[in-house]
Structures are given as structure tokens and as C-alpha cells.
Amino acid sequence: MVQFPFDSKILEADIKRIVDHYPTVTCSTIGHSVLGKPLYELKIGEGPNLIHWNGSFHANEWMTTALLMSVVKSYVEAIEEDQNFGSKKARDLYANTTLSLVPMVNPDGVDLFMHGLNVTPSNHNILMKMNGVNKTFASWKANIRGVDLNNQFPANWEVEKARKPQAPSFRDYPGKQPLTEPESIAMAELTKRCNFDRVLAFHSQGEVIYWGYQGLEPEHSFHVVEAFYKGSGYEPVRTIDSYAGFKDWFIQDYKKEGYTIEVGKGINPLPLSTYPYHYERVKEICALSLSTPLS
């Protein structure tokens, strides 16, 4: 049963329940947010194929966190009960892969979206200024300092800097330079340390999967994203006029498979009533990300 609103405290409690109940799951802290909240990484598996998922780079895309935590519960239950996860035996996936999951990259932003100015005792006037004409924080994507964490990576960052907001904002401001924010720094350091083979960044919305960057992606990515499409119906899109994202940087620096999965259609935040529909598609993509062979 998913609890809503799925803020950082609900996530922490959810992680504790999973780790306490399932010995196949370990949890560590890879860094802290601007407000000092832990950035958690879950790990599952003992295999050589290193797969990474993440959610909630953007505050109002918090449903990606809830979806990924639901998928993890399904996966570890299948491991424990010796059932399939997707089309493969979960225990075989456990033996062949090591899954890394950062379920909430932006806990400060998610909590601001959920609870408003109560999440921080100060800076209320600054936050209201960054929020622009918005009456609530329902459109907030950035971290608590008004930096878009998925515009922070050194992959043609200068292009985004020139055409995006020039001051902290509720969305799209890429910062004064790449990797200034503790959340984006933690994600970059984790990636460098772990040398993942395949990364999936979950966002919303559009029901598309972006899988290329500047022609640097491996050819094998095409075959993997076709499998994702068949399993979910999400349309593969090789590239768009967008830079400085986590997936872009990963492909650029590592020449390995990177995918940005845009969950759902409509406007953010996605309606809670659509959760079961999104869960089935996200679960299928996640299962395929573990079972589809690497190049």
C-alpha cells in the first residue's frame, strides 16, 4: 500500500521497512541535500552487470520515487519467493546484476512541493521570489536553492546556461556553473565510483524514452530501447534539443547506455488516480533493464 504524500519522511520509513524485512537489500547514504537530508542509495544483487535507477530529480515529479519503491518491493518479494520478475527468475537477476537505486535525488524540493514554506524556517521571501507568479509550489522542479538538478551536468552545460533563466527559479535555472549543488555532486560522484553499465533516470511526463546524446550512445541502446517500447508503449526518441542532464553526461563521459524515461502524460504532478497504470509500465521497463543483455 503506497502512502501519500510520498515525501522524504515517508521514503525514509519505507526504506527502513524494506531493509528490515529483506536481507537482499542494503542502504547507504551517498550525500546530503542543501537542507541536510540524506540522499539514500539502495543496492540489490550480487552480479557483475551494474544497473542504476533514479527518481525525483525534479520536485513535482515525486511520483517517480513512489513508483520505483513499489517496483523494488515487487522485485525483492519475487527474490524471496523464488518467482519471476518480468519474464525472468528474480533470483537469476539477483545473481547476474547489481542494482543501484537513488529513489529521491531532490528531497528538499519534494518536501517544498508537498508542504510549502513549512519545510524550512528561513528564506521564505527568497523562495516566494523564485516561485514567480505561482500561488503554490505545485510547479516547483528545482532544489531548495532554485537550481534545476537535471541541468547541472557538464554536457554542453553552456548551451543551457545561455538560454535558461539567469537567476535561481522554480524551474530550469542551471546554476552558476556545472555541479554546484550537493545533490548533483552526489549523483556524479556515485556514478564515477560505481562505473555503471546502464542508467535509467525516471522523470515525468510524456510517455517517451530519450536514449541518445550527440551520437555518443552505443549502438546497442537502440535494441534495448526497442525492448522497453514493446514492454511499455513508451515511444523511443533518440535525441532532442536538450543538454546538461544526468543521462546526457553519462552517455558523453562513459559511452554507455543511458535512458531518460518520461512517465505518464498530461501535466505535472501526475494525478494520483493514474498511479496503477504508470506502475505496470514502469515495472516492465525496470524488469527489462535488469534482464536485457548488455552490449
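Quick caveat: nothing in here was measured; it's all calculated off a predicted structure.

Participant: How should the overall build of the chain be read in this particular structure?
Facilitator: Across its full length, the chain carries ten helices and ten strands. Whereas a compact globule of 295 residues would reach a radius of gyration of roughly 19 Å, the chain reaches 18 Å, a difference of no more than 12%. Along the longest, intermediate and shortest principal axes, the C-alpha atoms of the chain span 55 × 40 × 35 Å. Residues classed as buried in the chain amount to 57% of the 295 residues present. Within the chain, contacts between residues separated by at least 24 positions form 77% of all contacts whose residues are at least 6 apart in sequence. Seen as two clouds, the 29 positive and the 34 negative side-chain charges of the chain have centres 3 Å apart.

Participant: I'm lost on unusual backbone geometry in this one. Help?
Facilitator: A negative phi angle characterises most non-glycine residues, just as the trans form characterises most peptide bonds. With an omega dihedral of 20°, the bond running from Ser 204 to Gln 205 counts as a cis peptide bond. Within the secondary structure layout, Gln 205 lies in the loop between strand E7 (198–203) and strand E8 (208–210). For the bond running from Asn 268 to Pro 269, omega is 0°, close enough to zero to count as cis. Of note, Leu 179 is a non-glycine position whose phi angle comes to about 55°, a positive value. Its relative accessible area of 23% is what places Leu 179 among the partly exposed residues. Non-glycine residue Lys 255 carries a positive phi angle of around 55°. Here Lys 255 is to be found in the loop between helix H9 (246–254) and strand E10 (257–262). Given the relative accessible area of 44%, Lys 255 is considered partly exposed.

Participant: Sorry if this is basic, but what is going on with the sheet that holds E8 here?
Facilitator: Sheets are built from strands paired through backbone hydrogen bonds, the pairs being either parallel or antiparallel. Spatial strand order, E1-E2-E6-E3-E7-E10-E8-E9: eight strands in an open sheet with mixed pairing. In the strand order of this sheet, the two ends are held by strand E1 (25–32) and strand E9 (235–237), each with one partner. Direction aside, neighbouring strands of the sheet carry axes that sit 20° apart on average. Relative to E1, helix H7 (residues 182–194) is tilted by about 130°, and along the sheet it contacts E1, strand E2 (38–45), strand E3 (49–55) and strand E6 (97–102). H9 rests against E3, E7, E8 and E10 of the sheet, and its axis sits at about 165° to E10.

Definitions and cut-offs
- Position numbers for residues start from 1 in each chain and track the written sequence from start to end.
- Only residues with pLDDT of 70 or above have their local features reported here, since the model is predicted, and side-chain atom pairs are shown and tallied only from 80 upward, although totals for entire chains, interfaces and linings are computed over all residues.
- For the side-chain quantities, the full set of heavy atoms in the structure was used; hydrogens and water were omitted.
- The way it works is that DSSP assigns letters per residue, a run of H or I at least four long becomes a helix, a run of E at least two long becomes a strand, and they are numbered from the N terminus.
- Note that the radius of gyration is over C-alpha atoms, with the globule rule given as 2.2 Å times the number of residues to the power 0.38.
- Only protein chains enter the accessibility calculation, which uses a 1.4 Å probe; a residue is then buried when its area is under 20% of its type maximum, exposed when over 50%, and partly exposed in between.
- We call two residues in contact when some of their heavy atoms are within 4.5 Å.
- All tallies of charge rest on Lys and Arg as positive and Asp and Glu as negative; His and the ends of each chain are not included.
- Where a charge lies is defined by one atom per residue type: Lys uses NZ, Arg uses CZ, Asp uses CG and Glu uses CD.
- Between any two strands, at least two bridges found by DSSP are needed for them to pair.
- The convention used is that axes are lines fitted to C-alpha atoms, helices contributing only their stretch in contact, and that angles between N-to-C directions extend from 0 to 180 degrees.

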